[in-house]
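Reading the structure
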Amino acid sequence: MNEMKKLAAEQEYLTREAAEHAGISKFKFYKFIHENELEQVGRGIYTSRDTWIDELYLFHKRCPQAVFSHDEAFYHYGLSEREPVIHTMTIYSGYNFRRLTAEGTCKVFTVKKELLNVGKTVVQDNCGNIIPMYDLERTICDLIRSRSSIELQEFNAVLKAYVMRKDKDLNKLMEYAKLFRISNVLRRYMEVLL
């Protein structure tokens, strides 16, 4: 049980896979869960009852291939002041994401499998956990690609906030725009704002 206590001290969320990786048997893992009255917060994910639940991290654990994007990235990079009520993720086309969206707390966008990792990076969320998210330039490409489903006021605010940033990389933005075949549309918007 000492191994389990050590694992619980190291990790806020306990999973069977993490215990197995640490050499802890299935029996010892579930015995520790039961004895310490840990709460199941996701499929195979347990934590103490007094832990603040990090929804982004749980979504990442449920679907490790998905990348946080759109509204989630707008807010993270300071392009939008509104914290998203519904989390937004991107996954490759053909992935069955019905279980993710069934609760109504997540919206999923799809891309071709070969474009899923373009601009993918890892960031620290508000709770201190590491999650995958698209970089600033990929986020702008997602904004342009999804412009018909985003409110005009928010669209303009996010684009203006990006243009005002000192850390923007217009060369990378145009490179991504070519991959997503939106370079002409992006160029029109940038000509007006720059």
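Coordinates for the structure precede this section.
Below: a short report on this structure. Quick caveat: nothing in here was measured; it's all calculated off a predicted structure.

1. Some thoughts on helix 10 (residues 183–193)
Because an α-helix completes one turn every 3.6 residues, residues spaced three or four positions apart along the sequence face the same direction. Of all the positions in helix 10, only Ser183, Val185, Leu186 and Met190 are classed as buried. Viewed along the axis of helix 10, the buried residues span an arc of 160°, placing them on a single side of the element. Helix 10 presents Asn184, Arg188, Glu191 and Val192 as exposed residues on the side facing more than 90 degrees away from its buried surface. Summarising the contacts, the buried residues of helix 10 are in contact with helix 7 (136–145), helix 8 (152–164) and helix 9 (170–179).

2. Describing the environment of Met174
Position of Met174 among the secondary structure elements: in helix 9. Sequence separation between Met174 and Arg187 is 13 residues, and the spatial gap between their C-alpha atoms is 8.3 Å. Setting aside residues up to four positions removed in sequence, Met174 forms contacts with Ser183, Leu186 and Arg187.

3. Description of the nonpolar core
Soluble, globular proteins show a tendency: their nonpolar side chains are buried together. Grouped together as the largest cluster of nonpolar side chains are 47 residues, with contacts concentrated most on Leu79, Ile140 and Leu143. If we skip the residues at most four places from it in the chain, Ile140 touches Leu79, Val158, Leu159, Tyr162, Leu173 and Leu186. If you look at the next biggest cluster of nonpolar residues, it comprises ten residues, including Leu7, Ile33, Leu38 and Tyr46.

4. Points about the pairing of strand 5 (residues 87–92)
The buried count for strand 5 comes to six of six residues, which makes it a mostly enclosed element. Both faces of strand 5 are covered, namely the face carrying His87, Met89 and Ile91 and the face carrying Thr88, Thr90 and Tyr92. Bridge count for strand 4 (residues 67–68) against strand 5 is two bridges, and the pairing is antiparallel. When the bridges of strand 5 are listed, Val67 appears paired with Thr90.

What counts, and at which threshold
Residues numbered from 1 in each chain as written. Predicted model: local features only at pLDDT ≥ 70, side-chain atom pairs only at ≥ 80, totals over all residues. Heavy atoms only, no water. Buried < 20%, exposed > 50% of the residue type's maximum accessible area, 1.4 Å probe, protein only. Helix = DSSP H or I, 4+ residues; strand = E, 2+ residues; numbered from the N terminus. Arc of directions from axis to C-beta. Contact = heavy atoms within 4.5 Å. Core = buried A, V, L, I, M, F, W, Y, C linked by side-chain atoms within 4.5 Å. Pairing = 2+ DSSP bridges.

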